[in-house]
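Residue-level listing of the chains:
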Amino acid sequence: MLSDCYFNFQPRYYNGEISSYEALLRKTEAEIERYIESIADHVTFDLAIIDFVIKRRSQLVNGEKIQLAINISIASLLDDEFVKTCHKIFEHEKNIILELTRHDETNDFTRIQNVIKQLKDKGIQFALDDYGKGYANSELFLHLDVDYIKVETEK
C-alpha cells in the first residue's frame, strides 16, 4: 500500500528549535491528492501510515522527545477496530498529534468526539488539518475538542 510512497518529515520550529515534525506522505509518480482519493479502505491505510511513521521516528533528530504529527482521515475515528488498535499503539507511543483530514466525510460528531476524548486520555493531541480547503464545515468547530486548527489559505 505504501510501496511507492515516501515521507517528508517537515520540522516545525518554535523559538528557533524543532518543536515537532509533521509526517507528509509523498508519492513519486502521481499527484498525492488523487492517490489519497483513490484509496478505498482509509482505516487500513491510516493504520499503515501510523505504523510506518512511528517506526521511522527514531531516525529523526530528537524524534523520540518531540511531537510527531500524523494525518488520518476523520472517518477512521468511526471504525471500532481503528480505535482499538490506536488504544494499543498509544499506550506506549507518546508525543503524537493526529491531524484530521477529509472533514467532509462524516456528520457523526458525537461518536468522533467520544473517540477523541478517549485518545486524549492516552496523551494524544488532535488537529483539524486543512480547514477551509475546498470546504469549511463549521460543525467541526462546534462539536470537536481539537487542540489545533490548521487553516488552509488559497495560494
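About the thresholds
Residues numbered from 1 in each chain as written. Predicted model: local features only at pLDDT ≥ 70, side-chain atom pairs only at ≥ 80, totals over all residues. Heavy atoms only, no water. Axes fitted to C-alpha atoms, helices over the stretch in contact; angles between N-to-C directions. Helix = DSSP H or I, 4+ residues; strand = E, 2+ residues; numbered from the N terminus. Parallel < 35°, antiparallel > 145°, perpendicular 65-115°, else oblique. Left-handed = near helix turned anticlockwise from the far one by under 90°. Contact = heavy atoms within 4.5 Å. Phe/Tyr/Trp six-rings, centres within 6.5 Å; stacked < 30°, edge-to-face > 60°. Buried < 20%, exposed > 50% of the residue type's maximum accessible area, 1.4 Å probe, protein only.

1. A word on the packing of helix H3 (residues 80–92) against helix H4 (residues 109–120)
- H4 packs onto H3 with a crossing angle of 15 degrees between their chain directions and a minimal axis gap of 11 Å. The angle between H3 and H4 falls in the class roughly parallel. Seen along the crossing, H3 lies across H4 with a hand that is right-handed. For the pair H3 and H4, the contacting residues are Asp80, Val83, Cys86, His87 and Phe90 in the first and Arg111, Val115, Gln118 and Leu119 in the second.

2. Overview of the packing of aromatic side chains
- Going through the model one piece at a time under the given rule, you end up with three aromatic pairs.
- Between Phe7 and Phe9, the ring centres sit 6.1 Å apart and the planes meet at 35 degrees, which makes this aromatic pair tilted. Taken individually, Phe7 and Phe9 each receive the classification buried, so the pair is uniform in this respect.
- Relative to Phe45, the ring of Tyr35 lies with its centre 6.2 Å away and its plane at 70 degrees, an arrangement referred to as edge-to-face. Linking Tyr35 in helix H1 (residues 32–38) with Phe45 in helix H2 (residues 42–56), this pair joins segments that are ten residues apart in sequence. As far as the burial class goes, Tyr35 and Phe45 line up, both buried.
- What links up through ring pairs into an aromatic cluster is the set Phe7, Phe9 and Phe52.

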